[in-house]
Amino acid sequence: MSLDLDLADFVVERGVDEKVDYVEARLHLTVKNEAILKNGFPELSAVIKAYGIGIRVIVKGALAFGSTNNLERREVKELLKRLIKQATNSRPLFKKPVSFSREKVEVAKWCVEEKRPIEEATGEWLMDKLKELDKAIVERGRNVKDRFLTMNSSLEEKYFVTSEGAKILSRVPRLEFYGVITAYSNGKISQRSVQYGGAGGIESYERIGIYEKTCKEAEVTSKIVEKAKPSPQGSMDLIVGPEVAGIMAHESVGHPQEADRILGREAAQAGESYLNPNDLGVKIGSDQTFVSDDPTIPYSFGFYLFDDEGVKAGRRRLIYGGKISEFLHNRQTASFFNVKSNAAARASEFDKEPIIRMANTYVEPGDYGVEELFKDVKEGVYVKSFMEWNIDDKRLNQRYVGHEAYLVKNGEVKEMILNPVIEITTPKLWSSLDARADDLDFVAATCGKGDPMQGVPVWMGGPHLRFRNVKIGRR
Amino acid sequence: MIDFVIKKLNSLNLEDFVVLFFKNRDRMIRFTNNSITVTKDKTGSALFIYMAKERKRIAGATYDLRKGEIASFISSLYKSMMASSETEYAHLPRGPFRYVHNGDIDTKIGEEDLTPYVSRAIYSALENGAKRVAGSLSAFITNIEIFTSGGAEGRDIRTGIELNVRAFTSKESSGHGIAVSTRLSSFNPEEAGRLAGMYSKMAKNPKTVREGRYRVLLSSTVAANIFEHVGISTSAFMVEAGLSFFKDKIGEKVAVSNLTLIDHGQIQGGLDSRSFDDEGLPTKSNKLIDSGILLTYIHNSTTAKKFKTESTANAGIIEPHPWNLEVKSGDMDDDEMIRELKSGIIVTNNWYTRFQSYRTGEFSTIPRDAAFLVENGEVKASIHGFRLSDSIPRLLNSISGIGKKRRWIKWWEVETPTLSPQIIVDGMTVTKAL
């Protein structure tokens, strides 16, 4: 597949001719192959291919975005004309003119290494893997009756060009598994959904460990309906595994530190933030709280080297030693804050505008061994994975309901418990963090934001974490 | 182009095929802090193809309609299908069919200048007490064509305009309003702005609330979010996958006896109305829950075959889905509902509904924007910082009041257009972190 690079260049040249303040064009191709296996029976497979151009212009401080998949030059030229007119007409209702931070103009070509190209992950290959997983689930999870399994391989290619001279070509292959299994025993039902994914060729299946992880989930979910006892309630110590650490980092650190939310741009949809623009440096967690977001983790689900505004990506330290240390920026919010963009702008498809997104958000590992974390816990719970979760639209009031969870007594992991509920505020959560283990693991997720809604691939993770004196409830 | 696609598909000696061609124009204005932040303009076409042969089948969608690419897409789809596993499926419905459009469109929506509507919504919210206003206004016009090997052939055109507006008097105090319509003449941005502004004013100085069980009045917006999950759970595909609390419940009482839920392929004001489903069957209205009894799952041909019944014309080739949901109105007016609540909570908006298990329907959701504590049938205080935790089967059987007035709801948290009244639910669990 080759992108029509000349077309994007043409758009930008035309925009410059029209004397707009800024114009960018993004040719964006996404191809996805998907297989579905339900209770051991193949459903039809699917192929989705989206290819088109997304254009942004700024005219006298007014921003307009447009897209089309009709790639005739005449049509694209017409779209550009409409956008310029649209921006001009709406200018009186832009109370604050849009401006972008000044950034290094990048010319680059980047891709994710594939040992075996993702194109080899055909529908039949994907279905074979699902059958392999389904067989293992049935063997390892004797109470698991319902199995809904999907796997997709995808390829994302982009060519980004701006009136400032940026030209960036990229290719990202990905593999993703999503499954929901349901176990039944003695009138009890337990359901588990999992999502694993990463960037890379079809070797990602082994690299991510999809088979091993899925087998483990089948065993655990099967065991929950047989063995889990009611969860204790009250204030106690809490140890969470990397999956729970990851969702906590994503929801209560990553989202509220998106600068567009802080400025109110997502107010009517994904919400705002409990943080204010001048909250950098505010202490929100214990000295043990270190949270980062890093798009450049090799083979990660949220991997990229340059964002969709052409800015070079790197690690963002969101909370450092308990203090808010950095917000996630695109060029517009960076301009408002008078800082450089940290390359958080992403668009999910050609017909979506780039907005601020997380990539791979995680609690940084500490120096405790995992076993060490448990040693001086007299009474507490260990929540290894979760199902139900939510958080308010300022990212302050959150809840995570455990799936695989255990009682901890006198430093030892005891019996399995059913659905312990962690319901806590963001400052209380991170102030209670007292130790981080030296392990680090991630799960994949699709993060939703924007209007129209954009789902983008992310990783979230962390090490095992220990929190002191946290309120635990039960469903 | 469609003739070319059909010719190409005919040459492959397929047992079944569907061609759907979509042509859209979508425009949007987003605004924040009383100011536009971006205008958007999307034009696009998409080709959807389904093919089946020798117990194998595949679906494909492409936006890459360049010359040469379509032929190559079809060839590659065919190759992938022939290499795929055999599946259980039903042949497509046999036509020809007659499609009747309910006439509910307004093509002026395609070209109308949207900025005055944004100004009207913002002004109305400010006039009713808001200090700052955010939201999005979008308008669409969609043309759809279908051709199937079963002899179905038809065209449809649909239009819609949607406004989601949120007003603030402070960071803690906000209100929400929605206006959705298939026609400009019945689109009312002022009313959405008025509601948002009024609620933002009423929501000032919110207090916390004690945890416990409450009688809760859910606004049409919140009720629509719940009923959307109910509608989706009637999908036979979801039932089979273990993702529905309605498994083995056909013919059983699943809700209070005055609850009736209908899915409409076409209905006046329904933004997702269609004359035909994705297999070419003329759409229709299906009573899903009638006076509390679950009457049917929704089906495409394949799920219908598995459940030994007829399709309800809700295809989705892969999975059936509701088109436009309607909850029948009850007998209580708005004031009466608050009086009847006696002591309880009013929730005007919610988000982030998530399930511990789709199979059992255990979920929690977070109220946002204005919420109120009611004592002795009167609003006593604005409240915030809590969560509703319940299970949908319990909730459906604990509805003690259904409003007369209904509103069309579609926004970020409700994707399926839903015409819903307010409802009162007894014994909802309130929890909190604050």
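1. Describing the environment of Tyr362 of chain A
Residue and element names in this part refer to chain A.
- Mapping Tyr362 onto the fold places it in strand S16 (residues 360–363).
- According to the relative accessible area criterion, Tyr362 is buried, its value standing at 8%.
- Spatially, the C-alpha atoms of Tyr362 and Val253 are 9.4 Å apart, while their sequence positions differ by 109 residues.

2. With respect to helix H4 (residues 189–202) of chain B
- Counted at 1.5 Å a residue, the expected span for H4 of chain B with its 14 residues is 20 Å, and the 20 Å between its end C-alpha atoms agrees.
- Residues of H4 of chain B that are buried make contact with helix H3 (115–127), strand S5 (153–170), strand S6 (173–181), strand S15 (371–375) and strand S18 (399–411) of chain B.

3. Regarding the domain arrangement of chain B
Residue and element names in this part refer to chain B.
- In terms of domain boundaries, chain B breaks down into domain 1 (2–202) and domain 2 (212–432).
- Here the C-alpha centroids of domain 1 and domain 2 sit 22 Å apart.
- Taken over both partners, the interface formed by domain 1 and domain 2 buries close to 3300 Å², and the fraction arising from carbon and sulfur atoms is 59%.
- Looking at the side of domain 1 facing domain 2, the largest losses of area belong to His176, Ile178 and Val180, adding up to 15% of the total buried there.
- Close ionic contact of Arg166 with Asp369 constitutes a salt bridge, the shortest N to O distance being 2.6 Å.
- Where domain 1 packs against domain 2, one counts 17 residue pairs in polar contact (both at pLDDT 80 or more).
- Mapped onto the side of domain 1 that touches domain 2, the elements with two or more residues apiece are strand S1 (16–32), strand S2 (35–53), strand S4 (132–148), S5, S6 and H4.
- With 10 residues, the top contributor of residues to the side of domain 1 that touches domain 2 is S5.

4. Here we look at the pairing of strand S3 (residues 45–59) of chain A
- Here S3 of chain A lies mainly inside the structure; 14 of its 15 residues are buried.
- Sheet topology note: the S3 of chain A/strand S3 (residues 56–62) of chain B ladder contains 5 bridges and is parallel. From the neighbouring strand, Val47 of chain A faces S3 of chain B, where its bridge partner is Gly60 of chain B.
- Judged from the 7 bridges that link them, S3 of chain A and strand S4 (residues 62–68) of chain A form a sheet pairing that is antiparallel.

5. Some points on the sheet that holds strand S11 (residues 291–293) of chain A
All names here are of chain A.
- If you trace the 6 strands from one edge of the open sheet to the other, you get S13-S12-S11-S16-S25-S24, paired in mixed fashion. Each edge of the sheet is formed by a strand with only one pairing partner; in this case those strands are strand S13 (323–324) and strand S24 (441–449).
- Here 9 bridges tie S24 to strand S25 (residues 454–462), and the two strands are oriented antiparallel to one another. Within the sheet, the bridge partner assigned to Phe442 lies in S25 and is Gly461.
- Contacts from helix H6 (residues 242–254) reach S11, strand S12 (316–320), S16, S24 and S25, with the element oriented near 125° to S25.

6. Topic: the nonpolar core
- Of all hydrophobic cores here, the largest spans 73 residues; its most connected members are Val11, Ile53, Ile55 and Val57 of chain A together with Leu163 of chain B.
- Among residues more than four places away in sequence, those in contact with Leu163 of chain B are Phe31, Ala121, Ser136, Leu137, Gly177, Ile178, Ala179, Phe187, Pro189 and Ala192 of chain B.
- In terms of nonpolar packing, the next biggest core, distinct from the first, is built from 65 residues, Met236, Ile284, Leu407 and Cys447 of chain A among them.

7. Considering the confidence of the model for chain A
- Mean pLDDT over chain A stands at 97; residues scoring 70 or higher make up 100%.
- Ranking the helices and strands of chain A by mean pLDDT puts S16 of chain A first, with 99, and strand S2 (residues 41–42) of chain A last, with 96.

8. Brief notes about the side chain of Glu423 of chain A
- Mapped onto the elements, Glu423 of chain A comes out in strand S22 (residues 420–425).
- At a separation of 3.4 Å, a polar atom in the side chain of Glu423 of chain A contacts the side chain of Arg399 of chain A.
- From its side chain, Glu423 of chain A meets the backbone nitrogen of Lys432 of chain B in a polar contact 3.3 Å long.

9. Some points on the environment of Ala255 of chain B
Residue and element names in this part refer to chain B.
- Along the chain, Ala255 turns up in the loop between helix H6 (236–240) and strand S8 (261–264).
- Separated by 16 residues in sequence, Ala255 and Leu271 have C-alpha atoms that sit 26 Å apart.
- When sequence neighbours within four positions are dropped, the list of residues in contact with Ala255 reads Ile289, Gly292, Leu396 and Asn397.

10. Topic: the domain arrangement of chain A
Residue and element names in this part refer to chain A.
- Once the domains are mapped, chain A shows domain 1 (5–227) and domain 2 (230–474).
- For domain 1 and domain 2, the distance between their C-alpha centres works out to 22 Å.
- Taken over both partners, the interface formed by domain 1 and domain 2 buries close to 4000 Å², and the fraction arising from carbon and sulfur atoms is 57%.
- Looking only at domain 1, the three residues that lose the most surface to domain 2 are Glu103, Trp110 and Arg192, adding up to 14% of its buried area.
- Seen at the junction of domain 1 and domain 2, the total is 5 salt bridges.
- Its salt-bridge partner being Arg56, residue Glu309 comes within 2.8 Å of it at the nearest N-O pair.
- The tally of links between domain 1 and domain 2 comes to 19 residue pairs in polar contact (both at pLDDT 80 or more).
- Top element by residues in the side of domain 1 that touches domain 2 is strand S8 (residues 188–199). It accounts for 9 residues.
- Of the residues assigned to the side of domain 1 that touches domain 2, the class counts are 19 nonpolar, 16 polar and 19 charged.

11. What about the packing of H3 of chain B against H4 of chain B?
Residue and element names in this part refer to chain B.
- Two elements in contact, H3 and H4, have axes whose closest approach is 7 Å; the angle formed by their N-to-C orientations is 30°. On the basis of their axis angle, the class for H3 and H4 is roughly parallel. Crossing angle aside, the handedness with which H3 passes H4 is right-handed. Packed against H3, whose contacting residues are Tyr117, Arg120, Ala121, Ser124 and Ala125, the element H4 presents Pro189, Glu190, Gly193, Arg194 and Gly197 at the interface.
- Taken together, the residues that form the contact of H3 with H4 break down as 4 nonpolar, 3 polar and 3 charged.

12. Side note on unusual backbone geometry
- For the bond running from Asp451 of chain A to Pro452 of chain A, omega is 5°, close enough to zero to count as cis.
- Take Pro452 of chain A: it is sitting in the loop between S24 and S25.
- In the segment running from Ala315 of chain B into Gly316 of chain B, the intervening peptide bond is cis, with an omega of 20°.
- Its location among the elements puts Gly316 of chain B in the loop between helix H7 (301–306) and strand S11 (324–327).
- At Asn13 of chain B, a position not held by glycine, the phi torsion is positive, near 50°.
- Tracing the backbone through its elements, the reader meets Asn13 of chain B in the loop between helix H1 (2–10) and S1.
- The phi angle at Asn34 of chain B is positive, at roughly 65°, despite the residue not being glycine.
- Examined against the element boundaries, Asn34 of chain B turns out to sit in the loop between S1 and S2.

13. Focus: the pattern of salt bridges
- Summed over all chains, the structure comprises 85 salt bridges over all chains.
- A salt bridge links Glu43 of chain A to Lys306 of chain B, with the shortest nitrogen-to-oxygen separation between them at 3.2 Å. In this pair, Glu43 of chain A is assigned in the loop between S2 and S3 and Lys306 of chain B in helix H7, connecting two distinct chains.
- The exposure class assigned to Lys306 of chain B is partly exposed, which follows from its relative accessible area of 31%.
- We note a salt bridge from Lys306 of chain B to Glu240 of chain B, for which the minimum N-O separation is 3.6 Å. Within this pair, whereas Lys306 of chain B is found in helix H7, its partner Glu240 of chain B is found in helix H6, the two being separated by 66 residues in sequence.

14. A word on the interface of chain B and chain A
- Listed per partner, the contact involves 83 residues of chain B and 87 residues of chain A.
- Around 7100 Å² of area is buried between chain B and chain A when both sides are counted, 48% of it from carbon and sulfur atoms.
- Of all residues in chain B, Lys171, Gln356 and Trp412 of chain B bury the most surface against chain A, accounting for 11% of the area lost on that side.
- Linking chain B with chain A are 15 salt bridges.
- With a closest N to O distance of 3.1 Å, Lys49 of chain A and Glu69 of chain B form a salt bridge.
- At the boundary of chain B and chain A, one finds 70 residue pairs in polar contact (both at pLDDT 80 or more).
- Class assignment of the residues belonging to the side of chain B that touches chain A gives a composition of 30 nonpolar, 28 polar and 25 charged.
- Looking at chain direction, S4 of chain A and S2 of chain B are connected through 5 bridges and run parallel. Bridged to Phe65 of chain A within S2 of chain B is Lys40 of chain B.

Rules behind the numbers
Position numbers for residues count from 1 along each chain, tracking the sequence in the order it is written. Lettering for chains starts from A, numbering for ligands starts from 1, and both go in the order in which the items are written. Owing to the predicted nature of the model, reporting of local features is limited to residues with pLDDT of at least 70; listing and counting of side-chain atom pairs is limited to 80 or more, with chain, interface and lining totals taken over all residues. Processing note: side-chain calculations cover all non-hydrogen atoms of the structure and skip hydrogens and water entirely. Labels follow the DSSP assignment, with helices taken as runs of H or I lasting at least four residues and strands as runs of E lasting at least two, numbered in each case from the N terminus. The cut-offs for exposure are 20% and 50% of the maximum accessible area for each residue type, with area from a 1.4 Å probe on protein chains only; residues under the lower value are buried, those over the upper are exposed, and the others partly exposed. How far a helix is expected to stretch is found by multiplying one less than its residue total by 1.5 Å. Contacts were defined at the residue level, with two residues in contact if any of their heavy atoms lie within 4.5 Å. Boundaries between domains were set according to an automatic or database domain assignment. Here the quantity called buried area is the total loss of accessible area, with a 1.4 Å probe, experienced by two parts when brought into contact, counted for both. Each salt bridge in this description consists of a side-chain nitrogen of Lys or Arg and a carboxyl oxygen of Asp or Glu lying within 4 Å of one another. Two N or O atoms form a polar contact when they lie within 3.5 Å of each other; inside protein one atom must be a possible hydrogen donor and the other a possible acceptor, and for residues adjacent in sequence the pair counts only when both atoms belong to side chains. One requirement defines pairing of two strands: DSSP has to find at least two bridges between them. Convention adopted: a line fitted to C-alpha atoms gives each axis, helices being fitted over their contacting stretch, and angles between N-to-C directions are expressed from 0 to 180 degrees. Remark: nonpolar core denotes a set of buried residues (Ala, Val, Leu, Ile, Met, Phe, Trp, Tyr, Cys) joined through side-chain atoms within 4.5 Å. Per-residue confidence from the predictor is reported as pLDDT, a score between 0 and 100. In the scheme used here, Gly and all other residues not listed as nonpolar or charged are polar, with Ala, Val, Leu, Ile, Met, Phe, Trp, Tyr, Cys and Pro taken as nonpolar and Asp, Glu, Lys and Arg as charged. What sets the label is the angle itself: under 35 degrees gives roughly parallel, over 145 gives roughly antiparallel, 65 to 115 gives roughly perpendicular, and the rest give oblique. Helix crossings are classified by the rotation of the near helix relative to the far one: an anticlockwise turn of less than a right angle makes the crossing left-handed, while a clockwise turn makes it right-handed.

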